[in-house]
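Report on the structure
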Amino acid sequence: MRAIEWRDLFYLYAVRALRDELTPHARVEFYQALQRQPSERQDEIRFGRFRVTVGDLIEEVEQRTTDLAALSDRVTFRADGEPLVKNTSVEVYRIVALLDGGETAAQVLEDYPSLSLADIETARAYAEAYPKAGRPYPRLSAKRALRGAGLEQLDDI
């Protein structure tokens, strides 16, 4: 695991927000100016001929890191590293795949009664913050797939 400092995290966010205004050379100067800044919060970064007001960007990064910390408290992990909705055995990415496949939150709750609406929102936020690598989950639950397969007619036989 590699940890980055808050300044580096802020730089990455700020460069993304200011991508149209900063040339590659200005990005380097901006980074160097950030590294020279004293540790207390500054609302303005100066480099070369430029002054960039960053107070609002700092607030956004602080809010996002707070939100991510709160989100991590609502997710647990299986032994293989798969994220689960806390206090359930339902995979975060499975819920999101169902929603992406067109199921409504009510349909997901019907298929997974142990979940709450807050759990579904947690799964959605987690998947947005940490996209799944690798093969995606099916976009239909097994229960819904069986219901839609027309196998009810077998009961008549």
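Note: the structure precedes this text.
Residues numbered from 1 in each chain as written. Predicted model: local features only at pLDDT ≥ 70, side-chain atom pairs only at ≥ 80, totals over all residues. Heavy atoms only, no water.

A look at unusual backbone geometry
As a reminder of what qualifies: Note on conventions: DSSP H or I runs of at least 4 residues are helices, E runs of at least 2 residues are strands, and numbering of each starts at the N terminus. Type-normalised accessible area, obtained with a 1.4 Å probe on protein chains alone, sets the label of each residue: buried when under 20%, exposed when over 50%, and partly exposed for intermediate values.
One non-glycine residue with positive phi stands out, namely N87, at about 70°. Examined against the element boundaries, N87 turns out to sit in the loop between strand 4 (83–85) and helix 4 (92–100). N87 sits in the exposed class, given a relative accessible area of 76%.

Examining the packing of helix 1 (residues 6–17) against helix 2 (residues 24–36)
The condition that has to hold: Inter-axis angles, ranging from 0 to 180 degrees, are taken between N-to-C directions of lines fitted to C-alpha atoms, where helices are fitted over the stretch in contact. When describing relative orientation, an angle under 35 degrees is termed roughly parallel and one over 145 degrees roughly antiparallel, while 65 to 115 degrees is termed roughly perpendicular and anything else oblique. Each crossing gets its hand from how the near helix is turned against the far one by less than a right angle, where anticlockwise is left-handed and clockwise is right-handed. In this description, contact between two residues means that some pair of their heavy atoms is separated by no more than 4.5 Å. Residues are grouped as follows: Ala, Val, Leu, Ile, Met, Phe, Trp, Tyr, Cys and Pro are nonpolar; Asp, Glu, Lys and Arg are charged; every other residue, Gly included, is polar.
Where helix 1 contacts helix 2, the two axes come as close as 10 Å, and the packing angle between them is 150°. As summarised for this structure, helix 1 and helix 2 are arranged roughly antiparallel, according to the angle between their axes. Read as a crossing pair, helix 1 and helix 2 show a hand that is right-handed. Touching R7, D8, F10, Y11, A14 and V15 of helix 1 are R27, F30, Y31, L34, Q35 and R36, all from helix 2. Class assignment for the residues of the contact of helix 1 with helix 2 results in seven nonpolar, one polar and four charged.

Some words on the pattern of salt bridges
Rules: The term salt bridge refers to a pairing of a side-chain nitrogen on Lys or Arg with a carboxyl oxygen on Asp or Glu at a separation within 4 Å.
Counted according to the given criterion, the structure contains five salt bridges. As a salt-bridge pair, R124 and E121 come within 3.5 Å of each other at their nearest N and O atoms. Here E121 and R124 lie together in helix 6 (residues 117–129), a separation of three residues that amounts to about one turn. The class of R124 is partly exposed, set by a relative accessible area of 37%. E121 gets classed as partly exposed once you look at its relative accessible area, which sits at 40%. The network of salt bridges with common partners includes R78, D80, E91 and R94.

Some details on the side chain of D8
Rules: N or O atoms closer than or at 3.5 Å make up a polar contact, with two conditions inside protein: a donor-capable atom paired with an acceptor-capable one, and, for residues adjacent in sequence, both atoms drawn from side chains.
Its location among the elements puts D8 in helix 1. Within the local environment of D8, its side chain forms a polar contact with the side chain of Y31, the two groups lying 2.9 Å apart. When sequence neighbours within four positions are dropped, the list of residues in contact with D8 reads Y31 and Q35.

Details of the pairing of strand 2 (residues 50–53)
Which entries qualify depends on this criterion: The criterion for strand pairing is that DSSP finds at least two bridges linking the strands in question.
Pairing of strand 1 (residues 44–47) with strand 2 involves four bridges; the strand directions are antiparallel. By the bridge assignment, R46 is partnered in strand 2 with R51. Connecting strand 1 to the next strand, strand 2, in antiparallel fashion are two residues, including G48 with a positive phi near 55°.

Some points on the nonpolar core
Under the convention used in this document: Among buried residues, those of type Ala, Val, Leu, Ile, Met, Phe, Trp, Tyr and Cys that are joined through side-chain atoms within 4.5 Å constitute a nonpolar core.
In this structure, F10, F30, I45, F47, V54 and L57 are the most contacted members of the largest nonpolar core, which totals 18 residues. Contributions of two or more residues to this core are made by helix 1, helix 2, strand 1 and helix 3 (55–72). No other element matches helix 1, which puts five residues into this core. If near-sequence neighbours (up to four positions away) are discounted, L57 is found in contact with F10, Y13, A14, A17 and L18.

A short note on the packing of aromatic side chains
As a reminder of what qualifies: Within 6.5 Å between ring centres, the rings of Phe, Tyr and Trp (the latter by its six-membered ring) count as paired, and their orientation is classed by plane angle as stacked under 30 degrees, edge-to-face over 60, tilted in between.
All chains considered together, the criterion is met by eight aromatic pairs. Considering the side-chain rings of F77 and Y126, the 6.4 Å spacing of their centres and the 65° angle between planes classify their relative orientation as edge-to-face. Within this pair, whereas F77 is found in strand 3 (residues 75–77), its partner Y126 is found in helix 6, the two being separated by 49 residues in sequence. On the basis of relative accessible area, Y126 is assigned to the buried category, the value being 8%.

Looking at the environment of A129
Residue placement: A129 occurs in helix 6. C-alpha of A129 to C-alpha of R64: the two residues are 65 residues apart in sequence and 9.9 Å apart in space. Look past the residues within four positions of A129 in its chain and what remains in contact with it is L68 and L71.

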